[in-house]
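Here are the chains, one letter per residue:
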There are 2 protein chains.
Amino acid sequence: MKKRHLLAPGPTQVLPEALLAMARPILYHRGPEYEVLLASVREGLKFLFQTKNEVLLFTSSGTGGMEGAVVNTLSPGDRALVIRGGKFGERWGEICEAYGLQPSYIDVEWGRAVEPDLVAAALTADPSIKAVFTTHSESSTGVLHDIEAIARIVGKTPAILIVDAITSVGVVDLPMDAWGVDVVVGGTQKALMIPPGLALCGVSDKAWAMVQRSRLPKFYFNFIAERKSLEKNQNTFTPAVSLVVALHESLAVIRAEGLTALFARHDRLARATRAGVMALGLQLFTERPTPALTTIIAPPGIEAGAIVKRLRAAHGITISGGQAQLKGKIFRLAHLGYADESDVVVCLAALERTLADLGYPVKLGEGIRAAQEVLVQAC
Amino acid sequence: MKKRHLLAPGPTQVLPEALLAMARPILYHRGPEYEVLLASVREGLKFLFQTKNEVLLFTSSGTGGMEGAVVNTLSPGDRALVIRGGKFGERWGEICEAYGLQPSYIDVEWGRAVEPDLVAAALTADPSIKAVFTTHSESSTGVLHDIEAIARIVGKTPAILIVDAITSVGVVDLPMDAWGVDVVVGGTQKALMIPPGLALCGVSDKAWAMVQRSRLPKFYFNFIAERKSLEKNQNTFTPAVSLVVALHESLAVIRAEGLTALFARHDRLARATRAGVMALGLQLFTERPTPALTTIIAPPGIEAGAIVKRLRAAHGITISGGQAQLKGKIFRLAHLGYADESDVVVCLAALERTLADLGYPVKLGEGIRAAQEVLVQAC
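Residues numbered from 1 in each chain as written. Chains lettered and ligands numbered in written order. Predicted model: local features only at pLDDT ≥ 70, side-chain atom pairs only at ≥ 80, totals over all residues. Heavy atoms only, no water.

Per an unreviewed UniProt entry, the recorded name for chain A is Aminotransferase, and the organism is Candidatus Methylomirabilis limnetica. Of chain A, the UniProt comment under Sequence similarities (unreviewed entry) reads exactly: "Belongs to the class-V pyridoxal-phosphate-dependent aminotransferase family." (UniProt positions renumbered as here; feature names shortened; annotations may be inferred.)

Okay, here's the thing in structure tokens:
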């Protein structure tokens, strides 16, 4: 018997209340019960996104929400600026190009955060830029970009700022109205503690003005249609009802915890994990880490994939390796969503044993000890 | 205490095995367990769609699959023919128009099936037509279109036939390879007995040749990328894992029942329901009914909405009213997916009581009696 622990950066562990809610007989999406539930979900999402505006809901993976953000704001020939510094930053560019746009790029070395001044320079150099696309928590590298600073820069221009916050909403502060972020795309399989299948899009007034004029083609991911439906507590197309029911449960838990405690928890788990892996002599991949996950460079002579494999096969722990150019080089431990101190301890302990299994000179207990010191101080 | 029965044409009741499967801890979509599960789902879908080709899987409502069928086969300026005779037929036209195409239309009176000869005439009149779009089971009117005849006509031309089979896959025979249907779009919240959130697309070799040349913009709903991923037992983007797990359960039940028994069951329930409502003196809305649902004209002096409302409030039964131009005029009783004789009996009994409540001169028990005669003969 081996317990299994899912500590990959998404899907993450699902809240037990949400799992059980999904096992209840399904609701009719045009009936009064669903309407009451959706009204509550709408309020919860505004709370979570820290916005007065509607947060749109699409049945799709987070990428569908990203596509929606592109095709609902821009028109053929529009200039766009894309910040790339990881797999998900690149995705913004791929979507823009799929729709015939030719964005400019700021290419950031994988593992580093974008220098906000570069955004300012790009917008000054090309004042026709209509939208700036970036990632908040780039889960392929573990970097947290400085959205507050970027928003301050973009906010002074006519351009809108569109942020992939799929691994950051509910993990780290992102007050979209206060900071002036125009489109925030979230997913449900990360901090929201429910299975994948819903994309969430917060949209500012400045962005809505562009949505009204946008002429890129769209049908399924139609912001105007979905807002109109939501205002009547409906969805445009048949939604993933069981996921909306699960979301209702997780939003209740999130509201009860409160945003301050929610962000503090993620910060605490992240700091403890980082302290633990460093105490084992391992090196972090990035200097500006997201509290959603910790990216670690595989020690010399050990392939990252071997660590991932051994953790799963021998110790029941699912984490992620590196993607694309980082394959084999890094591994990623997540601590977001339905995660607490117990997950950090279990993960570090299994990592210590795995490293020992693989012949790495590990002082058993040393990672846990360092993590414990952070956790004790944080309480 | 009042038991609730969901007898609307979608979402339909969910298989208990699928509900419970969704309550299990979530699987990592890039792990070996999910790959084994997806391999089995792929086989099950080929069996259900009666095709040797891959059935593509997208996390979205059925409409997302419809959009995928348009944007992956056609190119700007392509001619298309759309058969409209209900809300879902109209949707094909709306999607084509959203992507800048100007389709020709065959407009069929709501409640009637398309005359296949009209399709032949349209294709002869305009041999440049690249694709014919139609609905199989049009759930807004309850009509079943003759796809076998239409496929025979389209198959003789270079055009492809694209069918919205969202309420017909698993309900009525649609052997896509044998009949030569080129794209079949299905959903999961109908005959597949699981919650909404997955769209399914079967694609013929003839259609794949067009997919290779298609130049309409697409990103999330990309057929080529998803086929490539599926061949490695992966999905392009994070899938709705819990729905795929549920689908695995329902496909096992469907394979065990077998397609012949599956179609016979739907036919039996449909005939019993029709016999029941006619015995109550009510009139069916269509002469070519789908076995997925029964559409009934509200009797003179009674608004269809009042029947729907009363059934739900007083008798715990959720059915659907009419949509668009049929609002207030018809109501729709579904009998698809996780439905059997008990649902027909419960539904007709509640309908009898509802009609009596509303002052309609109903002979109590008469509808049930007529349904029973069909059910007895069918065994």
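Resuming the write-up.
A. Inspection of the environment of His-266 of chain A at higher detail. Residue placement: His-266 of chain A occurs in helix H11 (residues 259-279). Setting aside its immediate chain neighbours within four residues, His-266 of chain A contacts Gly-170, Val-171, Pro-291, His-335, Leu-336 and Gly-337 of chain A. (Helix = DSSP H or I, 4+ residues; strand = E, 2+ residues; numbered from the N terminus. Contact = heavy atoms within 4.5 Å.)

B. Here's a closer look at the relation of the copies chain A and chain B. At an RMSD of 0.0 Å, chain A and chain B line up after a rotation of 180° and a shift of 0.0 Å along the axis. The transformation relating the two chain copies, once decomposed into turn and shift, fits a two-fold axis. Within chain A, the C-alpha atom positioned nearest to the axis of rotation is that of Ser-60 of chain A, 2.5 Å from it. Of the residues that chain A buries at the interface, 100% are likewise interface residues in chain B, meaning the two copies contact each other through the same surface. (Least-squares fit on C-alpha atoms with pLDDT ≥ 70 in both.)

C. The domain arrangement of chain A, seen in detail. Residues and elements named next belong to chain A. Here the domain parsing of chain A yields domain 1 (16-257) and domain 2 (259-378). In this structure, domain 1 and domain 2 have C-alpha centres spaced 28 Å apart. In this complex, domain 1 contributes 29 residues to the contact, which on the side of domain 2 involves 25 residues. Taken together, both faces of the contact between domain 1 and domain 2 bury some 2400 Å²; the carbon and sulfur share is 62%. The largest contributions to the domain 1 side of the interface with domain 2 come from Trp-110, Val-171 and Glu-257, which together make up 27% of the buried area. Arg-288 is the salt-bridge partner of Asp-146, the closest N and O atoms lying 3.9 Å from each other. Counting the contacts that link domain 1 with domain 2 gives seven residue pairs in polar contact (both at pLDDT 80 or more). Of all the elements in the fold, those that place two or more residues in the side of domain 1 that touches domain 2 are helix H2 (32-49), helix H4 (87-98), strand S7 (143-144) and helix H10 (241-257). The residue makeup of the side of domain 1 that touches domain 2, split by class, is 13 nonpolar, 10 polar and six charged. (Domains from an automatic or database assignment. Buried area = accessible area lost by both parts, 1.4 Å probe. Salt bridge = Lys/Arg side-chain N within 4 Å of Asp/Glu carboxyl O. Polar contact = N/O pair within 3.5 Å; in protein donor to acceptor, adjacent residues only side chain to side chain. Nonpolar A, V, L, I, M, F, W, Y, C, P; charged D, E, K, R; others polar.)

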